Amino acid sequence: MEPSLLEVKDVLKSYFENGKEFKVLDLIRFELAERDFVCVVGPSGCGKSTLLRIIVGLEPPTSGQVLFEGSPIRADNPQVAMVFQSFALFPWLTVTQNVELGLEAQGIPPEGRHARARKFIDAVGLTGFENAFPRELSGGMKQRVGLARALAIEPLLLCMDEPFSSLDPLTAQNLRDEILQLWANPDLPPKAVLMVTHSIEEAVYLADRVIVLSSRPGRMVAELEIDLPRPRNRKEPEFYGWVDEIYSLIV
Amino acid sequence: MSNTGDDDGRKTPVKDFHSMAKVSVGQILGLVEAVDEVGGLADAATISREVEMDVDRLGPILTAAEFLGLVTIEDGDIRITELSRKLLTANVRERKRIVREIIDDMPAFRLVMEMARSSGAPLGRQQVVQALADRVGSHQAEDVFNALVYWGRYAELVRYDSGSEQLTVRIAQT
Ligand SMILES: Nc1ncnc2c1ncn2[C@@H]1O[C@H](COP(=O)(O)OP(=O)(O)O)[C@@H](O)[C@H]1O
Ligand SMILES: [Mg+2]
């Protein structure tokens, strides 16, 4: 049997201050397969960002393990990309240069980089802004650069840490829809998406599966298959049923 | 007709583009999606509540959406148009084309196109701002210029290099 794309096995995380244990995550265990769009939802401070950092190999768990395609995850794994809430763009680089940055690190030659950058800049709707600097962009456009940069490395797994939470509500909703459009195109990477958010509504809108965490230390309270057809309408009773159910699990 | 850019009657239309200065593509599309989600018709207070944005912030977005022909506003009711329905079902690239078709013959863009054609060279920022100032007043000219660059880039109508401050008109694509 092929290993899952991602296996999070009994991950536990504590920080230690003056010899005192401060537990952040408790026994997190789940798997991701190809074509999974999974959202981890939980209140602010419950350990979501910590969990993502552990999953992409930026931080070790205190105990437990993260396997990617059956092997322990490494931070330099080019099959995993990350999109950040704060966009994490270099202000002195243009859109194209920001997108090409990750490709350079992978040793892709210049012509290959340009072609790859052009393809993903176009996919996220940024053609026309190639030589713009971040300060010339709206918030939604900035996050599109973050997305193009992540997709350009053609990852199998895309991780996103609250990617919409610094955008105004209208821009956020528009970008959610456009990300779902990209996701619906099987010719484009990634093969799976793992997103963390504190917004239950957002998780139910986007995900095939929602993992619900308790407040700190984050513990898995439920793992739910959201079987609503797409496109989803946030005004429908079925949608609200899911939101209410998850809400009642957290409080 | 010749020299349409200097026609007196066009002063106001160029100025109208100022409503595009304070809003982004994402906000306009998000608004259209929000009105659609509540059935295509709603009053401003309802939309404001639905999208959790107060009317002060929503106002400029509504004005711009109306200016683009994406919504009509009548007695406080906001209704999406046929054009909006086209946008809603379009993909990322088609959306850019639809917006291009809406804005490319707006007086503000026509003015820039005319200038580019008669000069035959890239336009300097100052040159365009000056021409805009004649029509919209100097205090709004910068805003209108920035809006032309932002929306012109999105619609792939112009290229702009903020280092050299040179604006070029892109060859129309299909
Ligand atoms: N490097 C660290 N050292 C000590 N405590 C940390 C560190 N990183 C995060 N924490 C704490 O862990 C908890 C979870 O943080 P975080 O993962 O950022 O939560 P979330 O993303 O869900 O809001 C918070 O209480 C935070 O203060
Ligand atoms: Mg966080």
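See the structure shown above.
A brief structural summary. (Residues numbered from 1 in each chain as written. Chains lettered and ligands numbered in written order. Predicted model: local features only at pLDDT ≥ 70, side-chain atom pairs only at ≥ 80, totals over all residues. Heavy atoms only, no water.)

To continue, consider the packing of aromatic side chains. Residue and element names in this part refer to chain A. All told, the structure shown has 10 aromatic pairs over all chains when counted by the stated rule. On the basis of an interplanar angle of 65 degrees and a centroid distance of 6.5 Å, the ring pair of Tyr205 and Phe239 is categorised as edge-to-face. Of this pair, Tyr205 sits in helix α6 (residues 200-206) while Phe239 sits in helix α7 (residues 237-250), and the two are 34 residues apart along the sequence. Of the residues examined, Tyr205 reaches a relative accessible area of 5% and is grouped as buried. Phe239 sits in the buried class, given a relative accessible area of 1%. (Phe/Tyr/Trp six-rings, centres within 6.5 Å; stacked < 30°, edge-to-face > 60°. Helix = DSSP H or I, 4+ residues; strand = E, 2+ residues; numbered from the N terminus. Buried < 20%, exposed > 50% of the residue type's maximum accessible area, 1.4 Å probe, protein only.)

Moving on: the site of ligand 1. Residue and element names in this part refer to chain A. Near ligand 1 there are 13 residues, and of these Gly45, Gly47, Lys48, Ser49 and Thr50 occur at the shortest range. In the environment of ligand 1, an oxygen atom lies 2.7 Å from a nitrogen or oxygen atom belonging to the backbone of Gly45. A distance of 2.8 Å separates an oxygen atom of ligand 1 from a polar backbone atom of Lys48. Within the complex, the protein chains bury 64% of what would otherwise be the 560 Å² of accessible surface of ligand 1. For the shell around ligand 1, the secondary structure elements donating two or more residues are β2 (20-32) and α1 (48-55). Partitioning the shell around ligand 1 into residue classes produces 5 nonpolar, 5 polar and 3 charged. (Near = heavy atom within 4 Å. Polar contact = N/O pair within 3.5 Å; in protein donor to acceptor, adjacent residues only side chain to side chain. Areas by Shrake-Rupley, 256 points an atom, 1.4 Å probe, with all protein chains shown as cover. Nonpolar A, V, L, I, M, F, W, Y, C, P; charged D, E, K, R; others polar.)

To continue, consider the pairing of strand β9 (residues 209-213) of chain A. Residue and element names in this part refer to chain A. Buried residues dominate β9, accounting for 5 of its 5 residues. Burial of the side chains of β9 extends over both faces: Arg209, Ile211 and Leu213 are buried on one face and Val210 and Val212 on the other. Bridge analysis of β9 against strand β10 (residues 218-225) gives 5 bridges, and the strand direction is antiparallel. In the strand pairing of β10, Leu213 is matched with Met220. In this structure, the hairpin formed by β9 and β10 is closed by a connection of 4 residues. (Pairing = 2+ DSSP bridges.)

Listed per partner, the contact involves 32 residues of chain B and 29 residues of chain A. Of the roughly 2400 Å² buried between chain B and chain A on both sides combined, carbon and sulfur atoms contribute 49%. Its largest share of buried area at the contact with chain A, chain B owes to B:Glu37, B:Val92 and B:Arg153, together 29% of the area lost on that side. Between the two partners, chain B and chain A, sit 5 salt bridges. Our count for the contact surface shared by chain B and chain A stands at 14 residue pairs in polar contact (both at pLDDT 80 or more). (Contact = heavy atoms within 4.5 Å. Buried area = accessible area lost by both parts, 1.4 Å probe. Salt bridge = Lys/Arg side-chain N within 4 Å of Asp/Glu carboxyl O.)

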